[in-house]
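Structural features, examined
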Amino acid sequence: MKVIGKDIGTALDAMYAELEQRVRVEAECELHVEPFEAGAFSSVDWEQGACVVSLHNGVPTHALPHVFGVALQHIRQHLDRYPTVIDGPRDVYGGDIVRTTLRELVMAPEAELALAPLNLDLTWEIEQRHAGLKDLLRDAPKEWDDIDSPGGAFAALQYARFAIEHPADLWATLKTTFSDKLPHAAEQGERIVAIVREKGLTTPGACLETLVAARDALNLAAYAGIEDLRNGAIV
């Protein structure tokens with residue numbers, strides 16, 4: 001298969017074919033894949049009559065199967081009515097990135113569980129994320145240790161996601177730095193990790209419970225709503 005002009009092999013052929021058909025039949029959309037230049041590795045946008053997967057031009061070819069695979073899993077999550085994070089009753093500065101980080105806390109590891117049997121290469125992404133968090137911690141403002149602020153919520157959610165997804169040997173050094181620099185955010189992050197592991201990620205219902213519990217533990221309800229896509233309810 002070729003995407004954005006790069007040959008990524010055959011590992012995703014069956015997954016892509018299945019989801020392309022589901023998008024066409026269930027969502028009445030055409031699935032398109034396009035290159036883009038942005039801060040993220042990939043994005044999925046649902047438009048009128050189209051589901052558009054954007055893949056970063058800078059991702060090396062050997063890393064592209066996993067990046068594309070994650071995007072395809074986010075499409076599967078949407079079609080299977082997994083929950084999503086939406087605006088709350090009011091917004092605050094930084095609320096958008098907190099909502100994105102909350103969603104990815106649950107949706108990213110759920111996607112990884114589905115991709116695990118394919119043994120796709122994550123090395124480049126792990127290196128990028130490791131370096132990114134290292135830089136983030138070096139420049140982190142003191143306000144990020146205020147767990148009642150959007151910055152504190154963002155830091156706690158970042159801690160939790162890395163604790164869950166990052167390789168244990170690499171996380172050990174970052175965890176020490178995190179705990180030294182942002183001890184309150186790290187402590188709250190540990191509570192979020194416990195919530196994710198207790199509630200689980202195996203079904204849309206479990207993911208809903210996990211998102212709601214993590215949101216409420218961080219007191220984010222004012223600017224982070226959770227939509228149950230199975231019935232349209234906002235919780």
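Residues numbered from 1 in each chain as written. Predicted model: local features only at pLDDT ≥ 70, side-chain atom pairs only at ≥ 80, totals over all residues. Heavy atoms only, no water.

Here the focus is the overall build of the chain. Helix and strand counts for the chain stand at eight helices and eight strands. For the chain, whose C-alpha radius of gyration is 18 Å, the value lies close to the compact-globule estimate of 18 Å for 235 residues. When each of the 235 residues of the chain is scored for burial, the buried share is 47%. Here the chain displays about 11,400 Å² of accessible surface, and carbon together with sulfur accounts for 52% of that area. When the 21 basic and 37 acidic side-chain charges of the chain are each reduced to a single mean position, those positions are 3 Å apart. (Helix = DSSP H or I, 4+ residues; strand = E, 2+ residues; numbered from the N terminus. Rg over C-alpha atoms; globule rule 2.2 N^0.38 Å. Buried < 20%, exposed > 50% of the residue type's maximum accessible area, 1.4 Å probe, protein only. Areas by Shrake-Rupley, 256 points an atom, 1.4 Å probe, with all protein chains shown as cover. Lys, Arg positive; Asp, Glu negative; His and termini not counted. Charge placed at Lys NZ, Arg CZ, Asp CG, Glu CD.)

Moving on, we get to the environment of Gly 205. Following the sequence through the fold, Gly 205 ends up in helix 8 (residues 204-217). Of the residues examined, Gly 205 reaches a relative accessible area of 18% and is grouped as buried. On a C-alpha basis, the gap between Gly 205 and Leu 220 in space is 20 Å, while along the polypeptide they are 15 residues apart.

Let us now look at the packing of aromatic side chains. A ring pair, where both rings are aromatic, is described by two values, the distance of the centres and the angle of the planes. As enumerated under the stated definition, the model contains six aromatic pairs in all. An angle of 85° between the planes, with centres 5.1 Å apart, marks the rings of Tyr 159 and Phe 178 as edge-to-face. With Tyr 159 in helix 5 (residues 150-165) and Phe 178 in helix 6 (residues 168-181), this pair connects stretches of sequence that are 19 residues apart. The two residues Tyr 159 and Phe 178 agree in class, both being buried. Cation over ring: Arg 76 sits above Tyr 82, and NZ or CZ is 5.4 Å from the ring centre. (Phe/Tyr/Trp six-rings, centres within 6.5 Å; stacked < 30°, edge-to-face > 60°. Lys NZ or Arg CZ within 6 Å of the ring centre and 35° of its normal.)

Moving on, we get to the pattern of salt bridges. If you walk through the whole model with that rule in mind, you get 15 salt bridges. In this structure, Lys 175 and Glu 190 form a salt bridge, with 3.5 Å as the shortest nitrogen-oxygen distance. Taken together, the residues span a long stretch of sequence, with Lys 175 in helix 6 and Glu 190 in helix 7 (residues 183-199) at a distance of 15 residues. One continuous salt-bridge network, built from bridges that share partners, spans Arg 22, Glu 26 and Asp 80. (Salt bridge = Lys/Arg side-chain N within 4 Å of Asp/Glu carboxyl O.)

In a soluble, globular protein the nonpolar side chains are often hidden away together inside. Formed by 42 residues in total, the largest nonpolar core has its most connected members in Leu 102, Leu 105, Trp 171, Phe 178, Leu 182 and Ile 192. Of all elements in the fold, only helix 3 (95-115), helix 4 (123-138), helix 5, helix 6, helix 7 and helix 8 reach the threshold of two or more residues within this core. For this core, the element with the highest residue contribution is helix 5, accounting for nine residues. Not counting residues up to four positions away in its chain, the partners in contact with Leu 182 are Leu 137, Ala 140, Pro 141, Trp 144, Asp 145 and Ala 155. Among the nonpolar cores identified, the runner-up in size contains 26 residues, and Leu 12, Cys 51, Val 70 and Ile 75 belong to it. (Core = buried A, V, L, I, M, F, W, Y, C linked by side-chain atoms within 4.5 Å. Contact = heavy atoms within 4.5 Å.)

Across the sheet, three strands lie side by side as 6-7-8; this open sheet has antiparallel pairing. The sheet terminates laterally at strand 6 (84-86) and strand 8 (233-234), the two strands that pair on one side only. Pairing of strand 6 with strand 7 (residues 225-228) involves three bridges; the strand directions are antiparallel. Looking at strand 7, one finds that Ile 86 is bridged to Gly 225. Its contacts with the sheet put helix 3 on strand 6 and strand 7, and the angle it makes with strand 6 is roughly 170°. Contacts from helix 8 reach strand 6 and strand 7, with the element oriented near 170° to strand 7. (Pairing = 2+ DSSP bridges. Axes fitted to C-alpha atoms, helices over the stretch in contact; angles between N-to-C directions.)

Moving on: the packing of helix 2 (residues 64-79) against helix 3. Running from N to C, helix 2 and helix 3 cross one another at 110°; their axes reach a closest spacing of 9 Å. Considering their axes alone, helix 2 and helix 3 lie roughly perpendicular with respect to each other. For the pair formed by helix 2 and helix 3, the contact residues are His 66, Gly 69, Val 70, Gln 73, His 74, Arg 76 and Gln 77 on the first element and Glu 104, Met 107, Ala 108, Glu 110, Ala 111, Glu 112, Ala 114 and Leu 115 on the second. (Parallel < 35°, antiparallel > 145°, perpendicular 65-115°, else oblique.)

Time to look at the packing of helix 4 against helix 5. For the pair helix 4 and helix 5, the least separation of the axes is 12 Å and the interaxial angle reads 150°. Viewed along their axes, helix 4 and helix 5 adopt a mutual orientation that is roughly antiparallel. Crossing hand, helix 4 versus helix 5: left-handed. Here Arg 129, His 130, Leu 133 and Leu 136 of helix 4 come into contact with helix 5, specifically with Phe 154, Gln 158, Arg 161 and Phe 162. Split by residue class, the contact of helix 4 with helix 5 holds four nonpolar, two polar and two charged. (Left-handed = near helix turned anticlockwise from the far one by under 90°. Nonpolar A, V, L, I, M, F, W, Y, C, P; charged D, E, K, R; others polar.)

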